[in-house]
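Each chain, letter by letter, is given below.
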Amino acid sequence: MCRHVGYVGEPCSPAELLFEAPHSLLHQSYAPADMRGGGTVNADGFGLGWYGAAAEPLRHRRHTPLWTDEGLRPLAASLRTPAFLAAVRNGTVGMPVSEAACAPFGDGRWLFSHNGLVRDWPESVVPLAEKLPVADLLRLPAPTDSVLLWAVLSARLRDGAEPVGAVTGLVGEVEAIAPGSRLNLLLTDGELLVGTAWTHALSYVVTETGVVVASEPCDDRPGWTPVPERHAVTVRGRQVEITPIPC
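Residues numbered from 1 in each chain as written. Predicted model: local features only at pLDDT ≥ 70, side-chain atom pairs only at ≥ 80, totals over all residues. Heavy atoms only, no water.

Caption draft 1: Broad picture of the sheet that holds strand 11 (residues 225-226). The strand order across the open sheet built from 7 strands is 3-2-4-1-10-9-11, with neighbouring strands paired in antiparallel fashion. Two strands lie at the open edges of the sheet, namely strand 3 (58-62) and strand 11, each paired on one side alone. The sheet contact formed by strand 2 (residues 46-50) and strand 4 (residues 81-88) spans 5 bridges and is antiparallel. Across the sheet, residue G47 finds its bridge partner in strand 4, namely A87. (Pairing = 2+ DSSP bridges. Helix = DSSP H or I, 4+ residues; strand = E, 2+ residues; numbered from the N terminus.)

Here is the structure:
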């Protein structure tokens, strides 16, 4: 499965969590510590999304391993951003390896990542896909479970759904039709950060500048706290709230 990390807080460089920390996202891409039977390396692509002066976040994604991109490290080091979301991908067998399949996915101010898989894809989620407008289905950039989840979630956000409820509701809905799915989600608009722990590890830490939510702790600093299984973590400012996911 994939690994991902999100941050909200005071402006900082993503380079520390992506490249410099002892267990950075780069390190997790080839030496993850807690994949839970979901693969061994995350070499099927990567992505970074961050917020700057533009109205919408910027993204840098590739379908190659993170360690092959010589340009991202200096790019990340040059940035000062109040929020970012980054991921490395371990693609499910049979799903395409393409840039369009790599998180973070985006729509307006939102960035999204999915660590996991939907069981019995694609037949299990036909009832979910049927709720999307046909045009949205035809515009899916890649035929993967993560892309479909994002299409459903982003459509609901555009319709005015409350973000935390939309994320946790989607997890419960997918679990009902595809039991045993792995559904660690991250969603941010640059101020709010929502994550779910569902069959995969997720931890958070409050730092001097903000809050980090990640698949695995990126360093050995004190304060990393596991998100309990079947719970959501919501970050607003420096406030962290842990709530059970109804199902």
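Caption draft 2: Looking closely at the side chain of S146. Structurally, S146 is set in helix 6 (residues 145-158). In this structure S146 comes out as buried when scored by relative accessible area, which is 11%. A polar contact of 2.7 Å, which involves the side chain of S146, links it to the side chain of H114. When residues no more than four places from it in sequence are discounted, the contact partners of S146 are F105, F112 and H114. (Buried < 20%, exposed > 50% of the residue type's maximum accessible area, 1.4 Å probe, protein only. Polar contact = N/O pair within 3.5 Å; in protein donor to acceptor, adjacent residues only side chain to side chain. Contact = heavy atoms within 4.5 Å.)

Caption draft 3: Local environment of the pairing of strand 10 (residues 210-214). Of all the 5 residues making up strand 10, 5 are buried; the element is thus mostly covered by neighbouring parts of the structure. Pairing of strand 1 (residues 3-12) with strand 10 involves 5 bridges; the strand directions are antiparallel. Residue pairing for strand 10: Y7 is matched across the bridge by V212.

Caption draft 4: Seen up close, the nonpolar core. Ranked by internal contacts, the top residues of the largest apolar core, which has 36 residues, are F112, L149, W150, L153, L170, V174 and L187. Of all elements in the fold, only strand 6 (110-117), helix 4 (126-129), helix 6, helix 7 (163-177), strand 7 (182-188) and strand 8 (192-197) reach the threshold of two or more residues within this core. Among the elements that make up this core, the one with the highest residue count is helix 6 (9 residues). When neighbours within four sequence positions are excluded, L187 is seen to be in contact with W110, L111, F112, W150, L153, L157, P163, V167, L192, L193 and V194. Among the nonpolar cores identified, the runner-up in size contains 25 residues, and L25, L79, F84 and A86 belong to it. (Core = buried A, V, L, I, M, F, W, Y, C linked by side-chain atoms within 4.5 Å.)

Caption draft 5: View of the pattern of salt bridges. Using the criterion set out here, one finds 10 salt bridges in the structure. Across the salt bridge formed by R139 and D136, the nearest N and O atoms sit 3.2 Å from each other. Residue D136 is classed as buried on the basis of its relative accessible area, which comes to 16%. The shortest N-O distance in the salt bridge between R156 and E173 comes to 3.0 Å. Remark: E173 occurs in helix 7 and R156 occurs in helix 6; sequence separation between them is 17 residues. Within this structure, E16, E208, D219 and R221 form a network of salt bridges that share partners. (Salt bridge = Lys/Arg side-chain N within 4 Å of Asp/Glu carboxyl O.)

Caption draft 6: The arrangement of unusual backbone geometry in detail. In this chain, A103 is followed by P104 through a cis amide linkage whose omega measures 5 degrees. Note that P104 resides in the loop between strand 4 and strand 5 (105-107). Backbone torsion omega between W121 and P122 reads 0 degrees, so that peptide bond is classified as cis. Among the structural elements, P122 can be located in the loop between strand 6 and helix 4. Despite not being glycine, D120 shows a phi value in the positive range, around 55 degrees. Mapped onto the secondary structure, D120 falls in the loop between strand 6 and helix 4. The residue R230 is not glycine, and still its phi comes out positive at about 65 degrees. With respect to the element layout, R230 can be found in the loop between strand 11 and strand 12 (231-236). With a relative accessible area of 37%, R230 lands in the partly exposed category.

Caption draft 7: Representation of the side chain of S113 within the structure. Relative to the helices and strands, S113 is located in strand 6. Engagement of the side chain of S113 in a polar contact is seen with the side chain of H4, the distance being 2.9 Å. Apart from residues lying up to four places away in sequence, S113 is in contact with H4, L85, A87, A103, N184, L185 and L186.

Caption draft 8: Fine view of a nonpolar patch on the surface. On the surface, a cluster of nonpolar side chains totalling about 290 Å² of accessible area is made up of Y30, V41 and W67. Within the element layout of this structure, W67 appears in the loop between strand 3 and helix 3 (72-78). Owing to a relative accessible area of 43%, W67 belongs among the partly exposed residues under this scheme. (Patch = residues over 30% accessible without salt bridge, like charges linked within 9 Å, V, L, I, M, F, W, Y side chains within 5 Å. Areas by Shrake-Rupley, 256 points an atom, 1.4 Å probe, with all protein chains shown as cover.)

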